[in-house]
Amino acid sequence: MTVVERASGARRKVLLAAPRGFCAGVDRAVAAVYAALAEYGPPVYVRHEIVHNTHVIAELEAAGAVFTDDLDTVPRGSVVVFSAHGVAPQVRQHARRRALRVVDATCPLVSKVHAEARRYARDDLQIVLIGHHDHIEVAGTRGHAPRHTHVVDPDDPDAVARLPLDAGRPVVWLSQTTLAVDDVDRTVARLRERFPHLAQPPTDDICYASTNRQTAIAAIAARCDLVLVVGSTTSSNSNRLVTVARRAGARTAHLVDDADHLDPRWLAGVGTVGVTSGASAPERVVRQVLDRLAAHGWDDVEQVAGTAEDVSFVPPPLHRPRPADAGSGGGRDPGYGETPPPGAAG
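Just so it is clear, the model here is predicted, and its values are computed rather than measured.

Notes on the overall build of the chain
Okay, so step 1: Helix and strand counts for the chain stand at ten helices and twelve strands.
Okay, so step 2: With 346 residues in all, the chain has 56% of them scored as buried.
Okay, so step 3: Intrachain contacts of the chain at a sequence separation of at least 6 include 75% that bridge at least 24 residues.
Okay, so step 4: For the chain, the accessible area works out to roughly 14,700 Å², and carbon and sulfur atoms hold 52% of it.

Shown next, in the form of structure tokens:
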């Protein structure tokens, strides 16, 4: 009997959460870059990381994608893909000025939040956007209604009290799509205490994939001595899975980019290991983590199925859209509306 078995007193087992890994928006965005490379040939430029995963980025770079946060570094007339996180209207305007051929891989669920922000701004509502100030998705959403939008970090319990809002005007909340459901609920509760007539979007802004993956890991966390979430540190939804696992009863939980980030010392005294992955983590990397666990003796894997997913999105067009079609996810150009103040997001 090994030291680990004696310490844990339990059979070594892996609980593999499902659903996990790529969501429909990530599938669509990654496929859009490969399609653009096939259509136009390399290099194809991508504004920001197409999704937040180091392995996906490395594979796309090897295929000829060039990632940049500055459109001025993209040669005029080149093909540029907008990432799944979405962009502000100012970014689209910048691309048009440089005559760039845009492939818009913005996740349709992010585009939904953009449309809500524009609509509430037209109605002159004060918008509270629940999200992380430095996240690229938040910058893009804020850019659609910069004069009306106030960002509240769900990790800051005092943020709501500091909001510089007019009590005599209506207030509505929106959220970043990749947050933990519990964090958003707590923030909304604080908002309602201060603004009893707080309005809300007609449907949840947290995407189905984030919700389903959080629910799946929460369902097994209390049975796990250790939870491993496969994903990169830059991935918001992957980080939230670690938080959810700990809150749901896992003894400990760690984010691992790949099998090489699995520290064998974490396995001391462990019987059951839970495994899941963020919405931008490739399944092949999950399999490598499982193989590494098997090499350490955790070769009994039980998949625990949660909500089945059958969502798919239409691929973005590979031509540069006409101005009338250049909106986030299609429709009217979101460059209309508010004139952003100097230094506005995006």
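Description of empty space enclosed by the protein
Okay, so step 1: Going through the model one piece at a time under the given rule, you end up with one cavity of 30 Å³ or more.
Okay, so step 2: In this structure, the largest cavity spans a volume of roughly 260 Å³.
Okay, so step 3: In terms of lining, the largest cavity is formed by 20 residues, of which the most central are Val26, Ala84, His85, Thr178 and Asn237.
Okay, so step 4: The set of elements that each furnish at least two residues to the lining of the largest cavity consists of α2 (24-40) and α9 (236-247).
Okay, so step 5: Class assignment for the residues of the lining of the largest cavity results in eight nonpolar, eleven polar and one charged.

Description of the pairing of strand β4 (residues 79-82)
Okay, so step 1: Along β4, one buried face is formed by Val79 and Val81 and the opposite face, lined by Val80 and Phe82, is buried too.
Okay, so step 2: Where strand β2 (residues 44-47) lies against β4, three bridges are found, and the strand directions are parallel. Bridging from a neighbouring strand, Arg47 pairs with Phe82 of β4.
Okay, so step 3: Here four bridges tie β4 to strand β5 (residues 101-104), and the two strands are oriented parallel to one another. By the bridge assignment for β5, Val81 is matched with Val103.
Okay, so step 4: Taking the sense of rotation as the criterion, the β-α-β connection linking β4, helix α4 (residues 89-97) and β5 turns out right-handed.

Considering the side chain of His144
Okay, so step 1: You can see His144 is positioned in the loop between α6 (136-142) and β7 (149-152).
Okay, so step 2: A polar side-chain atom of His144 sits 3.0 Å from the main-chain carbonyl oxygen of Val87.

Some points on the sheet that holds strand β3 (residues 65-68)
Okay, so step 1: With parallel pairing, four strands are arranged side by side in an open sheet as β3-β2-β4-β5. Of all strands in the sheet, those with a lone pairing partner are β3 and β5, marking the two edges. The sheet shows a mean angle of 30 degrees between the axes of neighbouring strands, direction not considered.
Okay, so step 2: Sheet topology note: the β2/β3 ladder contains four bridges and is parallel. Each bridged residue has a counterpart across the sheet, and for Arg47 the counterpart in β3 is Thr68.

Here we look at the sheet that holds strand β11 (residues 272-277)
Okay, so step 1: With parallel pairing, the five strands of this open sheet are ordered in space as β10-β9-β11-β1-β12. Of all strands in the sheet, those with a lone pairing partner are β10 (253-256) and β12 (301-305), marking the two edges. For this sheet, the mean inter-axis angle between neighbouring strands, taken without regard to orientation, is 25 degrees.
Okay, so step 2: Contacts from helix α8 (residues 208-221) reach β1 (13-18), β9 (226-230), β11 and β12, with the element oriented near 155 degrees to β1.
Okay, so step 3: Sheet contacts for α9: β9, β10 and β11; angle to β10, the most-contacted strand, approximately 165 degrees.

Describing the environment of Ser78
Okay, so step 1: Among the secondary structure elements, Ser78 is positioned in the loop between β3 and β4.
Okay, so step 2: The spatial distance from the C-alpha of Ser78 to the C-alpha of Arg98 is 8.8 Å, given a sequence separation of 20 residues.
Okay, so step 3: Leave out the neighbours within four places in its chain, and Ser78 touches Tyr45, Leu100 and Arg101.
Okay, so step 4: A polar side-chain atom of Ser78 sits 2.8 Å from the main-chain carbonyl oxygen of Pro75.

Concerning unusual backbone geometry
Okay, so step 1: Note the cis peptide between Ala18 and Pro19, where omega equals 5 degrees.
Okay, so step 2: Considering the arrangement of structural elements, one finds Pro19 in the loop between β1 and α2.
Okay, so step 3: Following Pro42, the chain continues to Pro43 via a peptide bond in cis, the omega torsion being 0 degrees.
Okay, so step 4: Inspection of the secondary structure puts Pro43 in the loop between α2 and β2.
Okay, so step 5: The residue Ala99 is not glycine, and still its phi comes out positive at about 55 degrees.
Okay, so step 6: By relative accessible area, which is 30% here, Ala99 ends up partly exposed.

A short note on the confidence of the model for the chain
Okay, so step 1: Per-chain confidence: the chain averages 91 in pLDDT, with 89% of residues scoring 70 or above.
Okay, so step 2: The low-confidence segment residues 1-8 (pLDDT under 50) makes 14 contacts with residues lying over four places distant or belonging to another chain.
Okay, so step 3: Residue range residues 339-346 is modelled with pLDDT below 50. Its contacts to residues more than four positions away, or to other chains, number 18 contacts.

Scoring rules and cut-offs
- Residues numbered from 1 in each chain as written.
- Predicted model: local features only at pLDDT ≥ 70, side-chain atom pairs only at ≥ 80, totals over all residues.
- Heavy atoms only, no water.
- Helix = DSSP H or I, 4+ residues; strand = E, 2+ residues; numbered from the N terminus.
- Buried < 20%, exposed > 50% of the residue type's maximum accessible area, 1.4 Å probe, protein only.
- Contact = heavy atoms within 4.5 Å.
- Areas by Shrake-Rupley, 256 points an atom, 1.4 Å probe, with all protein chains shown as cover.
- 1 Å grid on protein atoms, 1.4 Å probe; cavity = no way out; pocket = protein on both sides within 12 Å on 5 of 7 lines; lining within 4 Å.
- Points joined across faces, edges and corners; volume = space filled by probe spheres on them.
- Nonpolar A, V, L, I, M, F, W, Y, C, P; charged D, E, K, R; others polar.
- Pairing = 2+ DSSP bridges.
- Right-handed = clockwise from strand over helix to strand, strands pointing away.
- Polar contact = N/O pair within 3.5 Å; in protein donor to acceptor, adjacent residues only side chain to side chain.
- Axes fitted to C-alpha atoms, helices over the stretch in contact; angles between N-to-C directions.
- pLDDT = per-residue confidence, 0-100.

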